[in-house]
Amino acid sequence: MGFDEMDVDTIWMDGEFVDWDDAQIHVLTHGLHYGSGIFEGARCYDTAEGPAIFRWEEHLERFFQSAKPYEMEIEFTAAELTEATLELIRRQDLASCYIRPIAFYGYESLGVSPGDCPTKTAIAAWPWGTYLGEDALENGIDVMVSSWRKHASSQIPTNAKTTGLYVNSMLAGEEARRNGYAEAIVLNKEGDVAEGPGENLFLVRDGEIYTPGLSESILDGITRDTVITLAEDLGYTVHDNVSISRGELNTADELFFTGSAAEVTPIRKVDNVVVGDGSRGPVTEEIQSTFFEVVERETDEYDEWFQYV
Ligand code: PMP
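Parameters at a glance
- Residues numbered from 1 in each chain as written.
- Predicted model: local features only at pLDDT ≥ 70, side-chain atom pairs only at ≥ 80, totals over all residues.
- Heavy atoms only, no water.
- UniProt positions renumbered as here; feature names shortened; annotations may be inferred.
- Patch = residues over 30% accessible without salt bridge, like charges linked within 9 Å, V, L, I, M, F, W, Y side chains within 5 Å.
- Areas by Shrake-Rupley, 256 points an atom, 1.4 Å probe, with all protein chains shown as cover.
- Salt bridge = Lys/Arg side-chain N within 4 Å of Asp/Glu carboxyl O.
- Lys, Arg positive; Asp, Glu negative; His and termini not counted.
- Charge placed at Lys NZ, Arg CZ, Asp CG, Glu CD.
- Helix = DSSP H or I, 4+ residues; strand = E, 2+ residues; numbered from the N terminus.
- Domains from an automatic or database assignment.
- Contact = heavy atoms within 4.5 Å.
- Buried area = accessible area lost by both parts, 1.4 Å probe.
- Polar contact = N/O pair within 3.5 Å; in protein donor to acceptor, adjacent residues only side chain to side chain.

Under the annotation held in an unreviewed UniProt entry, the protein carries the name Branched-chain-amino-acid aminotransferase and is attributed to Halobiforma nitratireducens JCM 10879. Under the heading Cofactor (unreviewed entry), UniProt records this for the protein: "pyridoxal 5'-phosphate". The record in UniProt for the protein states the following under Function (unreviewed entry): "Acts on leucine, isoleucine and valine."

Take a look at the structure:
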């Protein structure tokens, strides 16, 4: 669904709430030419206590951390960005939504050096349903291993959520979709499993859970961290500092993706090879249902993860 079909009308830009159609930038913006922006993607869930943003503090922290390698000075404090976001959700009367903060080098000159380009900061929020399709959560998705590799962390900071990095995600994801798959799995430069274009990956084998370590050129996903915590609290052993080779994708009992947009999405085939019995496996199901119980606040536990609107 395009933005024009949504009931949204306001964007926060550099300290002001502006009409959706007026949230414009110059075509010679540095960030447009060189991908010099950093961003976040968080979800706000509709709960019995009203809208609640999931792990907002961690998203904001990663936002500020992502700016560091680029020496980008965000001109607003975390408290100001939080206040702006809460007000943006209230003004648009959104119950559940996706929240997209972005900061980027703006308009002044176009050398690769950002020089005097100002840092622009904006926040948008809009309703966004299931990222990988309606039945993906229940039935899982078919994925392919992309022929594109992730950039190595020696080439670009992969732990920063930088706009420019996402051309790699786009190449991998579109290659997959062009070939009839819902999403890609991207290997790192060494040829081991890294992550999805916008998701972290988990593997289940013999009742234990595995996910590539942070040194495998992955984003330090907040849903990844959530799932590790939930799984350990459910009594699972989680190996979160391992390399996973490509062949292990085929011998896994279960595989699933995690992400703020993708939530917990089962994978049922990789390169047309069936994973486990080809449906959402029992461990994935338990973690997924626990995840949704938590984010929809059907439990009092983990309340510290929520910022109520
Ligand atoms: N990896 C990449 C490349 C991503 O873009 C995302 C989405 N932000 C993730 C992993 C998952 O991270 P999170 O759970 O924080 O959304």
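A. Broad picture of a negative patch on the surface. On the surface, a cluster of negative charge is contributed by Asp4, Glu5, Asp7, Asp9, Asp19, Asp21, Asp22 and Asp93. If you trace the backbone, aspartate 4 turns up in the segment before strand 1 (10–13).

B. Spotlight on the domain arrangement of the protein. For the protein, the assigned domains read domain 1 (7–126) and domain 2 (134–295). Each of domain 1 and domain 2 has a C-alpha centre, and these two points are 26 Å apart. Contact residues are listed per partner, giving 21 residues for domain 1 and 20 residues for domain 2. With both sides pooled, the region where domain 1 packs onto domain 2 buries about 1700 Å², and carbon together with sulfur makes up 60% of that total. At the junction of domain 1 with domain 2, the criterion picks out 2 salt bridges. Where domain 1 packs against domain 2, one counts 13 residue pairs in polar contact (both at pLDDT 80 or more). Where the side of domain 1 that touches domain 2 is concerned, the elements lending two or more residues are strand 3 (37–39), strand 4 (42–47), helix 2 (56–67) and strand 6 (97–105).

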